[in-house]
Amino acid sequence: MEKRMVRFLNISLLVSLALTLSFLPCRESYGVKGDFPKKEVTIVVNYGPGGARDVLARGIGKTMSKYLEVPVVVMNIVGAGGIRGLISLYNSPPDGYSIGIGMAPEILNQILEKQDYDIKKFVYLGRVQASPIFLVVKSDSPFHSIKDFKTFGKTVRHSTFSITSNTTVVPIIIANREGWSLSIVGGYKGAADATLALIRGEVEFAGVTQSSGNPFFKAKQIRPILTVDQRRSPAFPDIPTVGEVGHSDLDCLAGNVWLMAPPGVPKDRIKILEDALMKTVKDPEFLEWSKGAGVDPAWLSGEETTRLVFNLFGLLERYKGDIQKHIK
């Protein structure tokens, strides 16, 4: 009698446990396995709220939380031109709970001056965005091609808000290769101010992203003469790419944005984060949000992004001296 009772109780407990588990949230519903993540994941943004990186990070976090099944929050750590936030990420515990956003200027900062981070040691989760940049002139400018600068007969002036911006680095490299004289006019507070300097006639050309240039394109105050990307922009199908004018290796200096983790995060956790990020960038809701946010989703795997970063490092390192001359 006692044995039957014990057996009955054991069976009852097993049934009860099975029923209880069936009502628990499934950790594998979006492919998340094991005990990671079990708390919120933080995206470190090394610039202030409201900027392009911040907007992108918040859009990614909102959708990525669905696939990780934990909250994904944004932490803005500003200072030293984005360096402070990058150092903070680099020194974060290698547990996968802190990730961050990166772009080419951080690579150049390390090349120009030793930093307390090493771009080559971050673990890359994937590229999330690739946007064209444009070299632009005033609408009534006599220049119709980057090749016209060589026959200008005097120094060509370029306005910028940052010497390490891709919109400035590309002209420096092209001028060096093609042998025309270039003067970088800096000190502007942002891309809009640098573009207004062009419109006022203080310089011959400037560099813009699609989003920063749009108000001026719509007002017909500026026009592009070169697209820095692998393909021509649908917005300007008649404007050649940097590759079409003989500098195909510079198309990697388009506006690539990637996510990365500190050195030493275990591979199984990196795989979970990369998978969630891939699903995020391809998620219909995220893609719909991107249209209104001015974001250009473009997925590359962690491995492909690592190759992109190392390629950028090698390219920028070759022109370190030329860039430093303009800084001085």
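Bear in mind that the values here come from a model prediction, so they are computed numbers and not experimental data.

Cut-off values and rules
Residues numbered from 1 in each chain as written. Predicted model: local features only at pLDDT ≥ 70, side-chain atom pairs only at ≥ 80, totals over all residues. Heavy atoms only, no water. Helix = DSSP H or I, 4+ residues; strand = E, 2+ residues; numbered from the N terminus. Buried < 20%, exposed > 50% of the residue type's maximum accessible area, 1.4 Å probe, protein only. Lys, Arg positive; Asp, Glu negative; His and termini not counted. Salt bridge = Lys/Arg side-chain N within 4 Å of Asp/Glu carboxyl O. Polar contact = N/O pair within 3.5 Å; in protein donor to acceptor, adjacent residues only side chain to side chain. Pairing = 2+ DSSP bridges. Axes fitted to C-alpha atoms, helices over the stretch in contact; angles between N-to-C directions. Contact = heavy atoms within 4.5 Å. Arc of directions from axis to C-beta.

**Q** Could you give an account of the side chain of D118, with specific residues and numbers?
**A** Secondary-structure assignment places D118 in the loop between α4 (104-112) and β4 (123-131). Of the side chains with opposite charge, K121 comes closest to the buried, unpaired D118, at an N-O distance of 4.3 Å. There is a polar contact of 3.0 Å between the side chain of D118 and the backbone nitrogen of K120.

**Q** Give a detailed account of the sheet that holds strand β8 (residues 205-209), specifying residues and quantitative values.
**A** Read from one edge of the open sheet, five strands run β7-β6-β8-β5-β9, paired in mixed fashion. Across the chains shown, the open sheet's two edge strands, defined by having one partner strand only, are β7 (182-185) and β9 (222-228). With direction set aside, neighbouring strand axes in the sheet form an average angle of 30°. Taken together, the six bridges between strand β5 (residues 133-138) and β9 define a ladder with antiparallel strand orientation. Bridged to V137 within β9 is R223. Strand contacts of helix α7 (residues 210-218): β5, β8 and β9, with the helix running at about 115° to β8, the strand carrying the most contacts.

**Q** With reference to specific residues and values, describe helix α6 (residues 191-200).
**A** Those residues of α6 that sit buried are A194, T195, A197 and L198. Buried residues of α6, seen end-on, are gathered within an arc of 150° and therefore sit on one face of the element. Structurally, α6 contributes buried residues whose contacts are with β5, β6 (156-159), β8, α7 and β9. Phi turns positive one or two residues past the end of α6, at G201, with a value near 90°.

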